[in-house]
Amino acid sequence: MNLHEYQAKELLKKYNVPVQEGIPCNTPTEAEEAYRQIHTQYDSKFAVVKAQIHAGGRGKGKIAGTEQRGVAVGKNAEDIKTIAQNILGGTLVTIQTGPAGKLVNKVLVAQDVYFEGPSPVKEFYLSILLDRTKGQNVIMYSTEGGMNIEDVAHDTPEKIFKEWIHPGGLLQAFQARKIAFNLGLSGEAFKNCTKFVTNLYNAFTGLDCSMLEINPLFKASDDKIIAVDCKMNLDENSLMRHADLIT
Ligand code: ADP
Ligand code: MG
């Protein structure tokens, strides 16, 4: 079962994985209200409207017949309302939906985490899945985040790292440190990244995920590590154990 970004982020929070916070909205008026809440609660000047569909590539995709992108930054409440109006009820066409696109019934109004600060922001890629050939979970990660990972794998395969986990075991502390190191992090960002990866791996196993992808995995200018986007696939066989998740 595939979850929407807003559902996946709610689950990650239960495992203390920091996420770009947001409020799911069904109408432009709700989106406007959500902006005010986000603006106050997270001291976020801007906000981002994100179409909730079961496909990626939303940032580059467009609502059919318009120039509206599926992920768009708004500067104030009015802006957010207009963007939500343009997206809701529209058909979003992305590289992953095919030409027919997908109808958007919900948007996530999310905090802006790309604010300027003491250190530059960075976008990484990280995913966890079962490597069937080895019968081991593997964490795949790259410094080249925010873009199509298939392109990175094709053009610069040396920029994709892999870390295999001992079957039935936990992610070891040295493995979490290796990942943070290979992503080029240091200081607070390094510590935050090892915690992030450890908690994310616990979420993967605890929720019986068959796939968990964070792209971008984000380093904010205050060195926090945050899941800006999340694609989560739950193992169909384990749904019985997680009936509470299906709302
Ligand atoms: P998708 O993968 O479906 O395109 P993402 O959630 O990954 O959707 O968002 C696409 C891109 O939008 C991100 O890679 C990022 O560059 C940009 N983005 C997301 N949130 C913000 C934000 N708060 N401020 C600026 N850009 C953002
Ligand atoms: Mg993404």
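What you see is a predicted model; the values in this text were computed from it and never measured.

Thresholds applied
Just so you know, the residues in each chain are numbered from 1, in the order the chain's sequence is written. Here chains are named by letter from A upward and ligands by number from 1 upward, in the order in which they appear as written. This being a predicted model, a pLDDT of at least 70 is required before a residue's local features are given, and a value of 80 or more before pairs of side-chain atoms are given or counted; all residues contribute to the totals for chains, interfaces and linings. No hydrogens and no water enter the side-chain calculation; it runs on all heavy atoms of the structure. For each residue, the test is whether any non-hydrogen atom lies within 4 Å of the molecule or strand; if one does, the residue is near. Here a polar contact is recorded for every N or O atom pair within 3.5 Å, except that within protein the pair must consist of a potential hydrogen donor and a potential acceptor, and residues adjacent in sequence are included only if both atoms are side-chain atoms. Values of accessible area rely on a 1.4 Å probe in the Shrake-Rupley scheme; residue burial ignores everything except the protein chains shown. Only DSSP runs of H or I covering at least 4 residues are called helices, and only runs of E covering at least 2 are called strands; the numbering of each starts at the N terminus. Each residue is assigned to one class: nonpolar for Ala, Val, Leu, Ile, Met, Phe, Trp, Tyr, Cys and Pro, charged for Asp, Glu, Lys and Arg, and polar for all the others, Gly among them. Under the scheme applied here, a residue whose accessible area is under 20% of the maximum for its type counts as buried, over 50% as exposed, and between as partly exposed, the area being computed with a 1.4 Å probe on protein chains only. Residues are treated as being in contact if the distance between any of their heavy atoms lies within 4.5 Å. Only strands that DSSP links by at least two bridges are regarded as paired with each other. Fitting a line to C-alpha atoms yields each axis, with helices limited to the stretch in contact; the angle taken between N-to-C directions then spans 0 to 180 degrees. Note that water is not among the atoms used; donors are N, O and S atoms within 2.8 Å of the metal (3.2 Å for Na, K and Ca), so sites may look incomplete.

Visitor: When you look at the site of ligand 1 in this model, what are you seeing that I'm missing?
Guide: Taken together, 19 residues sit near ligand 1, with Val48, Lys50, Arg58, Gly59 and Glu123 positioned nearest. Taking glycine 59, its main chain carries an N or O atom lying 2.8 Å from an oxygen atom of ligand 1. Contact between ligand 1 and aspartate 112: a nitrogen atom at 3.1 Å from a side-chain N or O atom of the residue. Across the complex, the protein chains shield 81% of the 550 Å² of accessible surface that ligand 1 would expose by itself. Among the secondary structure elements, those contributing two or more residues to the shell around ligand 1 are β2 (47-51), β4 (71-74) and β11 (209-219). Tallied by class, the residues present in the shell around ligand 1 amount to seven nonpolar, seven polar and five charged.

Visitor: Help me out: how do you make sense of the side chain of asparagine 137 in this one?
Guide: Mapped onto the elements, asparagine 137 comes out in strand β9 (residues 136-142). Residue classification places asparagine 137 among the buried positions, given a relative accessible area of 17%. Looking at asparagine 137, its side chain comes within polar contact range of the side chain of tyrosine 201, at 2.9 Å. Filtering out sequence-adjacent residues up to four positions away, asparagine 137 remains in contact with Leu129, Leu130, Asp131, Glu163, Trp164, Ile165, Tyr201, Phe204 and Thr205.

Visitor: How should the sheet that holds β4 be read in this particular structure?
Guide: Read from one edge to the other, the open sheet built from four strands follows the order β1-β7-β2-β4, with strand pairing classed as antiparallel. The sheet terminates laterally at β1 (22-25) and β4, the two strands that pair on one side only. Strand-to-strand twist across the sheet, computed as the mean angle between neighbouring axes with direction ignored, equals 25°. Pairing geometry for β2 and β4, over four bridges, is antiparallel.

Visitor: For this particular structure, what's the right way to read the coordination of the magnesium ion (ligand 2)?
Guide: Any two of four tetrahedral donors ideally make an angle of 109.5 degrees at the metal, while pairs among six octahedral donors ideally make 90 or 180 degrees. For the magnesium ion (ligand 2), the protein coordination sphere consists of Asn215 (O) and Asp229 (OD), at 2.2 to 2.3 Å. On the criterion of sequence distance, the pair formed by asparagine 215 in strand β11 and aspartate 229 in the loop between β12 (225-227) and β13 (231-234) is long-range, its members being 14 residues apart. With a relative accessible area of 21%, aspartate 229 lands in the partly exposed category.

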